[in-house]
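Residue strings, one per chain:
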Amino acid sequence: MPPPHRIDKQPVFLLNSKPWRENSLRLDVFSRDHGRIALLARSARTRGSELRGVIVPFVPFSASWYGKDELKTLHRAEWLGGWAQPQSRLLFSGLYAHELVLRLTAPEDPNPAVFAALERLLCELCTRQAHTAALRRFEWALLDALGLCPDLRRDHHGDAIHPEALYRIRPEAPPERITQAQTQDIAVSGAVLLALPEGNLHHAHALQAASQMMKMLIAFRLPHLHTRNVLEQLQQFKHRLAHSAP
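Residues numbered from 1 in each chain as written. Predicted model: local features only at pLDDT ≥ 70, side-chain atom pairs only at ≥ 80, totals over all residues. Heavy atoms only, no water.

Going by the annotation in an unreviewed UniProt entry, the name recorded for the chain is DNA repair protein RecO, with Conchiformibius steedae given as the source organism. As its UniProt record puts it under Sequence similarities (unreviewed entry), the chain is described as follows: "Belongs to the RecO family." (UniProt positions renumbered as here; feature names shortened; annotations may be inferred.)

Engineer: How should I be thinking about unusual backbone geometry in this particular structure?
Structural biologist: Residues apart from glycine generally show negative phi values, whereas peptide bonds are mostly found in trans. For Arg21, which is not glycine, the phi torsion reads 55 degrees and is therefore positive. Of note, Arg21 is situated in the loop between strand 1 (7-20) and strand 2 (24-31). Here Arg21 falls in the exposed class, since its relative accessible area comes to 74%. The phi torsion at Phe58 lies on the positive side, around 80 degrees, for a residue other than glycine. Looking at where Phe58 falls in the secondary structure, it is placed in the loop between strand 3 (35-41) and strand 4 (61-66). Using a relative accessible area of 2% as the deciding quantity, one classes Phe58 as buried. (Helix = DSSP H or I, 4+ residues; strand = E, 2+ residues; numbered from the N terminus. Buried < 20%, exposed > 50% of the residue type's maximum accessible area, 1.4 Å probe, protein only.)

Engineer: Whenever I open this one, the pattern of salt bridges confuses me. Can you help?
Structural biologist: Charged atoms that come close allow side chains of opposite charge to pair. Throughout the structure, instances matching the rule amount to 15 salt bridges. Note that Lys72 is salt-bridged to Glu108, the shortest N-O span being 3.3 Å. Remark: Glu108 occurs in the loop between helix 1 (88-104) and helix 2 (112-127) and Lys72 occurs in strand 5 (residues 71-79); sequence separation between them is 36 residues. The closest approach of N and O atoms between Glu78 and Arg76, which form a salt bridge, is 3.4 Å. One connected set of salt bridges, linked through shared partners, spans Arg120, Glu124, Arg137 and Glu198. (Salt bridge = Lys/Arg side-chain N within 4 Å of Asp/Glu carboxyl O.)

Engineer: Explanation requested: the nonpolar core in the structure shown.
Structural biologist: Within soluble globular proteins, side chains that are nonpolar generally end up buried alongside one another. One finds Phe138, Ile169 and Met213 to be the most contacted residues of the largest nonpolar core, which totals 51 residues. Taken together, the elements giving at least two residues each to this core come down to strand 1, helix 1, helix 2, helix 3 (132-145), strand 6 (166-170), helix 4 (190-195) and helix 5 (204-221). Per-domain counts for this core show at least three residues from each of domain 1 (7-79) and domain 2 (89-231). Leave out the neighbours within four places in its chain, and Ile169 touches Leu152, Pro175, Ile186, Val188, Leu193, Met213, Met216 and Leu217. Grouped together as the second largest cluster of nonpolar side chains are 17 residues, Val12, Leu39, Ala41 and Leu74 included. (Core = buried A, V, L, I, M, F, W, Y, C linked by side-chain atoms within 4.5 Å. Domains from an automatic or database assignment. Contact = heavy atoms within 4.5 Å.)

Engineer: Is there a simple way to think about the sheet that holds strand 7 (residues 173-178) in this case?
Structural biologist: The three strands are arranged 7-6-8 in an open sheet whose pairing can be described as antiparallel. The open sheet has two free edges, formed respectively by strand 7 and strand 8 (187-189), since each of these has just one partner strand. The sheet shows a mean angle of 40 degrees between the axes of neighbouring strands, direction not considered. Sheet topology note: the strand 6/strand 7 ladder contains four bridges and is antiparallel. Looking at the pairing, Leu166 lines up with Ile178 of strand 7. Relative to the sheet, helix 5 contacts strand 6 and strand 8, its axis offset from that of strand 6 by approximately 25 degrees. (Pairing = 2+ DSSP bridges. Axes fitted to C-alpha atoms, helices over the stretch in contact; angles between N-to-C directions.)

Right, here's the structure in full:
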């Protein structure tokens, strides 16, 4: 007889893993149909465990689990194929995406749109070099799917966004059409707002405007991000090395 409350062959992404007791792992995964799930992978750290090569970040795997408590028991994990692991800066981008999903989503709150956005981003991080636009698209898709950002499709009057207009962006208000930006404003063109959902940001100024806007919207929800801080420290260190070289 199968265990109670059993879920079989659910596509998941590993968000985080921590040692659990002597040879097990506590996993945080994001599943396609069940949202964020905490799993206990028994004996996953033993040398002969079949799970060691399957439970890896950035690529999807199939997970089966059971249990009705907050911490479920992983029954089986299977490789789904996918893509190679990201390298260097792309690795930090993947970790950053994982941190956003881990900290913004509620446990066991189904959201297939978040899973789809994460899958699309990780695929692009691992198969393409140009990824900045994809990262901005993911940030927007994540906040939008969770209802944590203003509707960027219409302005504060309910009018459709005009590509040639300028808009002031605030965390909890629709875009406000303005004629001139003030120093303290986060202002972007309508063209950037319209291009962001699909990541169609082909010019440097559009990417910069989208990055500034998304950084503000995310910081409103998560003022302190570990991965962002680490990346900024590495960039500062690299800058100091470049200027101190003979």
